[in-house]
Amino acid sequence: MNEQIIARHWLAIIAPKAAPAIATSTVLILARIWNANGAEHSLGNAVLMTVLSLGAAAAGACASLGRSGDGVLAGTAFAASGGLALAGVAGYADGLSLPLLLWALTTAVAYGLAARYWRTDRRDTVAYERHVSDRREERAHIERVETLRATTQIEVARTGAAYAEQLAQALVTRATLPGFDPQALNRAGLPQLPAVGEREAL
């Protein structure tokens, strides 16, 4: 069976691995822009970001502890909580050391959480590929068996037709010889060819 070969672009391979770093870096850059536009030492902005971060964390806790236990929703809420906390600290702080430290920590946590989902996705992909390979091997085996069976039936039919043709040719040749007695064939117990009308009926 011919398989279509699809070569993925290198950006499509790298993009999922770089997504956590791009997300946290984007939050850090926007927070520093917000800091330059008046968020530094603004108590109201700090309280707003704290409330939003705690609200997102509470939503993630409710989503993970609920009856459904939706992991995707809980992960999204916790990611939003971490992003809001990082944005709040980066926007409120006057230096870059604390925002960079929190950025590194948030990026490491994001990669730790993403690695879990990547492992699950990789496990599912390997299981699917193994299942497809097993089905492909099974179908190929069935095709080989059916091909051998059909080839054998064709060879048997061809051999039988050749034998019948040789027998008929031998009988015709024998009938042209002088002193041929067709009743001798019946007495010898040899198979008798059907008459012309019977052959056409067959």
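Going along each chain's sequence as written, the residues are numbered from 1 onward. Where local features are concerned, this predicted model is filtered to residues with pLDDT of at least 70; where side-chain atom pairs are given and counted, the filter is 80 or more; whole-chain, interface and lining totals use all residues. Hydrogens and water are ignored here; the side-chain numbers use all heavy atoms of the structure.

Here's the deal with the overall build of the protein
Point 1. Runs of E in the DSSP output that reach at least two residues are strands. Runs of H or I that reach at least four are helices, and both are numbered from the N terminus. Tallying secondary structure elements over the protein gives six helices and zero strands in all.
Point 2. The N-to-C order of helical and strand elements in the protein reads α-α-α-α-α-α.
Point 3. A separation threshold of at least 6 residues defines the contact pool for the protein, and within that pool the share at least 24 residues apart is 66%.
Point 4. What sets the accessible areas is the Shrake-Rupley method with a 1.4 Å probe; for residues, cover comes only from the shown protein chains. As displayed, the protein has an accessible area near 15300 Å², and 64% of this comes from carbon and sulfur atoms. A contact between two residues is defined here by any heavy atoms of the two lying within 4.5 Å.

Thoughts on the nonpolar core
Point 1. Among buried residues, those of type Ala, Val, Leu, Ile, Met, Phe, Trp, Tyr and Cys that are joined through side-chain atoms within 4.5 Å constitute a nonpolar core. Think of it in three bands: with a 1.4 Å probe and only protein chains considered, a residue is buried below 20% of the maximum accessible area for its type, exposed above 50%, and partly exposed in between. Leu 28, Ala 31, Met 49, Ala 87 and Ala 90 together form the largest nonpolar core, which totals five residues.
Point 2. Setting aside anything within four residues of it in sequence, one finds Ala 87 in contact with Val 27, Ala 31, Trp 34 and Met 49.

Here's the deal with a nonpolar patch on the surface
Point 1. Side chains of Leu 43, Val 47, Val 51 and Tyr 92 sit close together on the surface and give an oily, nonpolar patch of about 370 Å² of accessible area.
Point 2. Sorting elements by how many residues they give to the nonpolar patch places helix H2 (residues 43-65) first, with three residues.
Point 3. Here Val 51 is to be found in helix H2.
Point 4. Judged by relative accessible area, which is 52%, Val 51 ranks as exposed. To count toward a patch, a residue needs a relative accessible area over 30% and no salt bridge; like charges are then connected within 9 Å, while nonpolar side chains (Val, Leu, Ile, Met, Phe, Trp, Tyr) are connected within 5 Å. Here a salt bridge means any side-chain nitrogen of Lys or Arg lying within 4 Å of a carboxyl oxygen belonging to Asp or Glu.

Considerations on the side chain of Thr 24
Point 1. Inspection of the secondary structure assignment puts Thr 24 in helix H1 (residues 10-39).
Point 2. According to the relative accessible area criterion, Thr 24 is buried, its value standing at 7%.

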